[in-house]
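An overview of the molecular structure
Below are the chains, spelled out letter by letter.
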Amino acid sequence: MTERWRSVAAAAGLAADDGSTRPTIFAEMTALALATDSANLGQGFPDADGPEWIRRIAAEAILQGENQYPPGRGIPALRESIAQHRLRHTGIAVDPSTEVLVTAGATEALAAALLAFTGPGDEVVTLEPFYDAYAALIAMSGATHVTVPLRHMDGAFRVDRAALADAVGDRTRVIVINTPHNPTGTVLSADELGLIADVAQRVDALVLTDEVYEHLTFDGARHHALAALPGMADRTITISSSGKTFSLTGWKIGWAVGPAPLIEAITAVKQFLTYSGGAPFQPAIARALAAGDDDILELRDSLADRRDLLVSGLRAAGFDLVVPGGTYFVCADATPFLSDAAPDGAAFARMLPGAIGVACVPISAFCRAGSETASALSSWVRFTFVKDERTLRTAIDRLSRLGGAAEPASEQHG
C-alpha cells in the first residue's frame, strides 16, 4: 500500500491495522448473514424489484438499441423529467439543459461534487452518524472531515445546534446534509434546515443535500428542500436517485441539480469517472419520474406498514428505539442485551447472526472512530425494514429469543 493510499484509507476508515483494505460493514454483515442463514436486516436493499411497467421500458430500450454511451449529462428526456419532477414536488424551477446532471447513482454525484469543490486545507462538515461513503469521499478529496452530532433526545435524533455553529468556520468549503437521514431515519425540520442555511451563508459555504429518500417519509413528516430557502438556491447542489424511490437500486441512475456554474464544475469531474452509463435505464426512469407518483405512494405506504411491524417486534423483544420519520431504517439501543461477550453494539451485531440468525449493523460504523457520537451511540444498532414481510416476521420471531440466546444459530434454526 502506498503512503498516499495509506493516509487516505486511514482517514476514511478503510484500512485495517496491518494496512490491508478493510471491507465495509455491509459486506461483513452480509457475509455473516449468508454463513448463518440469517434474516438479513443489515444492508438496505429491497427484496422486491420495482414496478414491472418501468422495467419493461428498460427491457424494450435494450432491444431497440439503447446500448451505447448516452450523452455525458444524461439523455434530454431524463433531464427534462428530473426538472419537471423537481418543480412539481418542490416548486423549484431548473433548466434541464444546464442545471441537471445525470450520474451513476447518488454516490457518483457526491464524489464528483466533493472532488470538484474541495481539496487539502478545506473542511467538509457532515452530520454524525453519517452514510459511510461520505468519510471515504472526503478523504479522497484531501479535505478534512468535521462532524456535527445528531443527539438522541426526547425519543428522536436532532441536530446539535451549538455544535453546528462551532463546526462551521472559515475553512468550511462544503456542508453535506442528508435528509431523510441514513442511518437514523430523521427527517430534518424546516427550523433545522434554516439553521444550516444561516451558517452556510455566514461562511459562504456550498451545501450538498443528499435527498435519496425524499419521498419515503411517514406519519405526515414532510421533506423540505433546502435549496428553496432564501439565499440558498445559488449555493445548493441537490442530489437524489431513482434507486430508493422506485426500488431499482442496481440501476444506479442518480442526478445532481443546482446552479449552472456548479453543475458545470461537477460535470468536469464526472466525465473522468464514469463519463456516462445506464443507457437503457435512463428512458425508463424518465417515464417513471413523470408517471410514477402512484407507485411512489404505494411503496411509501407499504414501507410504513413494514416499519410499524419491525418497530413493534423490536419493542416486544426489549429494545429501546427511535421511530423513524423516513428512510428504510430503525435505530435501536441494544443495551439490555450487552454482556462481557458483546460489550457494545458492534460486538452485539457481530454476535447476533450466529446467536439467533438475524443480521443488523452497528451505528458506530456510521461514526468517526473515537468520536463523542460514536461513544454516545456505542450500544445502538440499525435494522432495515425494506424486506418482505416474511423476512421481517422471521427476524422478529428470532429476536424474541434474545433473552436466552446462547446456542449458535445453526443449532436453533438449522
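Residues numbered from 1 in each chain as written. Predicted model: local features only at pLDDT ≥ 70, side-chain atom pairs only at ≥ 80, totals over all residues. Heavy atoms only, no water.

In this section: the pairing of strand S14 (residues 380-384). Most of S14 sits out of view: 5 of its 5 residues are buried. Residue alternation in S14 divides its side chains into two sets, Trp-380, Arg-382 and Thr-384 and Val-381 and Phe-383, and both sets are buried. Examined bridge by bridge, strand S11 (residues 329-333) and S14 share 5 bridges and lie antiparallel to one another. Bridging across to S14, Ala-332 finds its partner in Val-381. With 2 bridges joining them, strand S13 (residues 361-362) and S14 adopt antiparallel strand pairing. Pairing of Val-361 across the sheet is with Arg-382, part of S14. (Buried < 20%, exposed > 50% of the residue type's maximum accessible area, 1.4 Å probe, protein only. Helix = DSSP H or I, 4+ residues; strand = E, 2+ residues; numbered from the N terminus. Pairing = 2+ DSSP bridges.)

With that settled, the discussion passes to the sheet that holds strand S5 (residues 156-159). The mixed open sheet is built from 8 strands, whose spatial order is S2-S9-S8-S7-S6-S3-S4-S5. The outermost strands of the open sheet, each flanked by one partner alone, are strand S2 (100-104) and S5. Here the average twist between neighbouring strands, direction ignored, is 25°. Sheet topology note: the strand S8 (residues 236-241)/strand S9 (residues 253-257) ladder contains 4 bridges and is antiparallel. Residue Ser-241 lies in a different strand from S9, and its bridge partner there is Gly-254. Contacting S2, S8 and S9, helix H4 (residues 76-90) runs over the sheet at an angle of about 110° to S2. Against the sheet, helix H10 (residues 260-270) touches S2, strand S7 (206-210), S8 and S9, its axis set at about 30° to S2. (Axes fitted to C-alpha atoms, helices over the stretch in contact; angles between N-to-C directions. Contact = heavy atoms within 4.5 Å.)

Glancing now at the UniProt feature "domain: Aminotransferase class I/classII large" (unreviewed entry) in the protein. Per the UniProt record, "domain: Aminotransferase class I/classII large" (unreviewed entry) is annotated on residues 39-399. Here residues 39-399 is 41% helix and 19% strand, with 10 Å between the C-alpha atoms at its ends. (UniProt positions renumbered as here; feature names shortened; annotations may be inferred.)

As a further point, take empty space enclosed by the protein. Inspection of every chain in the model, using the stated rule, returns 1 cavity of 30 Å³ or more. Taken together, Ile-82, His-85, Arg-86, His-89, Thr-90, Glu-211, Glu-214, Thr-238, Ser-240, Trp-255 and Val-257 form the lining of the largest cavity. Residue assignment for the lining of the largest cavity shows that the elements contributing at least two residues are H4, S8 and S9. With 5 residues, the top contributor of residues to the lining of the largest cavity is H4. (1 Å grid on protein atoms, 1.4 Å probe; cavity = no way out; pocket = protein on both sides within 12 Å on 5 of 7 lines; lining within 4 Å. Points joined across faces, edges and corners; volume = space filled by probe spheres on them.)

Tallying each qualifying case throughout the model produces 13 aromatic pairs. Centroid distance Phe-337 to Phe-348: 6.1 Å. Interplanar angle 20°. Geometry classified as stacked. Residue Phe-337 is found in the loop between S11 and helix H13 (345-356), and its partner Phe-348 is found in helix H13; the two are separated by 11 residues along the sequence. Linked through ring pairs, Phe-319, Phe-337, Phe-348 and Phe-383 together constitute an aromatic cluster. The positively charged end of Arg-382 is found above the aromatic ring belonging to Phe-329, 3.6 Å away from the centroid. (Phe/Tyr/Trp six-rings, centres within 6.5 Å; stacked < 30°, edge-to-face > 60°. Lys NZ or Arg CZ within 6 Å of the ring centre and 35° of its normal.)

Counting 72 residues, the largest nonpolar core has Phe-319, Phe-348, Leu-352, Phe-383 and Leu-399 as the members making the most contacts within it. When near neighbours in sequence (up to four residues on either side) are disregarded, Phe-319 contacts Leu-314, Ala-332, Asp-333, Ala-334, Phe-337, Phe-348, Phe-383, Leu-399 and Leu-402. (Core = buried A, V, L, I, M, F, W, Y, C linked by side-chain atoms within 4.5 Å.)

With antiparallel pairing, 4 strands are arranged side by side in an open sheet as S10-S11-S14-S13. Each having just a single partner strand, strand S10 (320-322) and S13 make up the two edges of the open sheet. Of the strands in this sheet, S13 and S14 are in contact with H13, which crosses S14 at around 45°.

All right, on to the packing of helix H5 (residues 105-117) against helix H6 (residues 133-141) then. Interhelical geometry of H5 versus H6 gives an angle of 30° and a closest axis separation of 9 Å. Put simply, H5 runs roughly parallel to H6. Seen from above, H5 lies across H6 with right-handed handedness. Note on element contacts: H6 touches H5 through Tyr-134, Leu-137, Ile-138, Met-140 and Ser-141, opposite Thr-107, Leu-110, Ala-111, Leu-114 and Leu-115. Grouping the amino acids of the contact of H5 with H6 by side-chain chemistry returns 8 nonpolar, 2 polar and no charged. (Parallel < 35°, antiparallel > 145°, perpendicular 65-115°, else oblique. Left-handed = near helix turned anticlockwise from the far one by under 90°. Nonpolar A, V, L, I, M, F, W, Y, C, P; charged D, E, K, R; others polar.)

This brings us to unusual backbone geometry. Backbone geometry follows two general trends: most residues other than glycine have a negative phi, and most peptide bonds adopt the trans configuration. Residue Pro-180 follows Thr-179 across a cis peptide bond; omega there is -10°. Locating Pro-180 in the fold gives a position in the loop between strand S6 (172-178) and helix H8 (190-203). For the peptide bond that leads from Asn-182 to Pro-183, omega is 20°, which places it in the cis range. Within the secondary structure, Pro-183 sits in the loop between S6 and H8. Even without being glycine, Asp-37 reaches a positive phi, approximately 55°. Tracing the backbone through its elements, the reader meets Asp-37 in the loop between helix H2 (25-35) and strand S1 (39-40).

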